[in-house]
Amino acid sequence: MERNFEERVRTGFKKQGFMTAIGGELVEVQPGFCRIHLPYSEKVAQQHGFFHGGVISALADNAAGFAGYSLMNSDQQPLSVEFKINFLAPAVGDTLEARGRVIRSGYRIKHVNVEIFALDQGNEQLVAVALATIASSTGVQEIS
């Protein structure tokens, strides 16, 4: 891990067009950890008014990738190899929060646990959990 990890992670997150389009915000970065918020809107909801499962999955994927990225060298880029998600409850609230934490960090592979919470007026409910495998790749060019 390099000293400028937070700047690299935040710069990479800003390049996520999808996260920008839906209003995702990287609110915290630490070595091996990141936290992403997404405010509720109709554009991220499914037909019953809950946060859409695809949006929850995208937040989990990003939280895992950027948590892993925080432990990588500057010549490496994160690529999701695999992830599994379990939906535990309907995601109802004013904000969705994904917390990604690296549970094992090798040079090339990071295993990341992600918990996704629905936040509603100071209360939080765990709505999904994910386990992801993130590869550290040196063969991927960063898009500028």
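First, a word on scope: everything that follows refers to the structure included in this document.

How each quantity is defined
Along each chain, the written sequence defines residue order, and numbers are assigned to residues from 1. With pLDDT at 70 or above as the cut-off, local features in this predicted model cover only qualifying residues; side-chain atom pairs require 80 or more to be listed or tallied, and sums for whole chains, interfaces and linings still use all residues. Heavy atoms from the whole structure form the basis of all side-chain values; hydrogens and water molecules are not counted. Being paired, for any two strands, means DSSP has found at least two bridges between them. In this text, helices come from DSSP runs of H or I with a minimum length of four residues, and strands from runs of E with a minimum of two, each type numbered from the N-terminal end. Salt bridges, as used here, are contacts in which a Lys or Arg side-chain nitrogen is within 4 Å of a carboxyl oxygen on Asp or Glu. Relative accessibility under 20% of the residue-type maximum defines a buried residue, over 50% an exposed one, and the middle range a partly exposed one, all with a 1.4 Å probe and only protein chains included. As used in this record, nonpolar core signifies buried Ala, Val, Leu, Ile, Met, Phe, Trp, Tyr and Cys residues forming a set joined through side-chain atoms within 4.5 Å. Pairs of residues are marked as contacts when any of their non-hydrogen atoms sit within 4.5 Å. Only Phe, Tyr and Trp rings take part, Trp by its six-membered ring, and two of them pair if their centres are within 6.5 Å. Stacked means planes under 30 degrees apart, edge-to-face means over 60, and tilted covers everything else.

Let us now look at the pairing of strand β4 (residues 95-105). The pairing of strand β2 (residues 33-39) with β4 spans seven bridges and is classified as antiparallel. Residue P39 lies in a different strand from β4, and its bridge partner there is T95. Of the pairings in the sheet, the one linking β4 to strand β5 (residues 109-120) comprises ten bridges and is antiparallel in character. Pairing of R101 across the sheet is with N113, part of β5. From the end of β4 to the start of β5, which pair antiparallel, there are three residues.

Applying the stated criterion across every chain yields a total of five salt bridges. In this structure, R35 engages E97 in a salt bridge whose closest nitrogen and oxygen atoms are separated by 3.2 Å. Placement of R35 in strand β2 and of E97 in strand β4 is noted, with a sequence separation of 62 residues between them. Residue E97 is classed as buried on the basis of its relative accessible area, which comes to 4%. When the shortest N-O distance is used, the salt bridge between E124 and R99 registers 2.8 Å. A residue pair is termed long-range when its members are at least 10 positions apart, and E124 in strand β6 (residues 123-137) and R99 in strand β4 qualify at 25 residues. On the accessibility criterion, E124 (47% relative accessible area) is partly exposed. The partly exposed category is assigned to R99, whose relative accessible area is 21%. One salt-bridge network, in which partners are shared between bridges, spans E28, R35, E97, R99 and E124.

On to the nonpolar core. If you look at the biggest cluster of nonpolar residues, it comprises 38 residues, and the most contacted ones within it are L38, I56, L96, V114 and I116. For this core, the secondary-structure elements that each account for two or more residues are α1 (5-14), α2 (17-22), β1 (25-30), β2, α3 (53-69), β4, β5 and β6. With residues near it in sequence (within four places) discarded, L38 still touches I22, G23, G24, V44, F51, V55, L59, D94, T95 and L96.

Applying the stated rule across the entire model yields three aromatic pairs. With a centroid separation of 5.5 Å and 65° between ring planes, the pair formed by F13 and F66 is classed as edge-to-face. Residue F13 is found in helix α1, and its partner F66 is found in helix α3; the two are separated by 53 residues along the sequence. Overall, the relative accessible area of 6% leaves F66 in the buried class. For the pair Y40 and F51, a centre-to-centre distance of 5.3 Å together with 90° between the ring planes defines the contact as edge-to-face.

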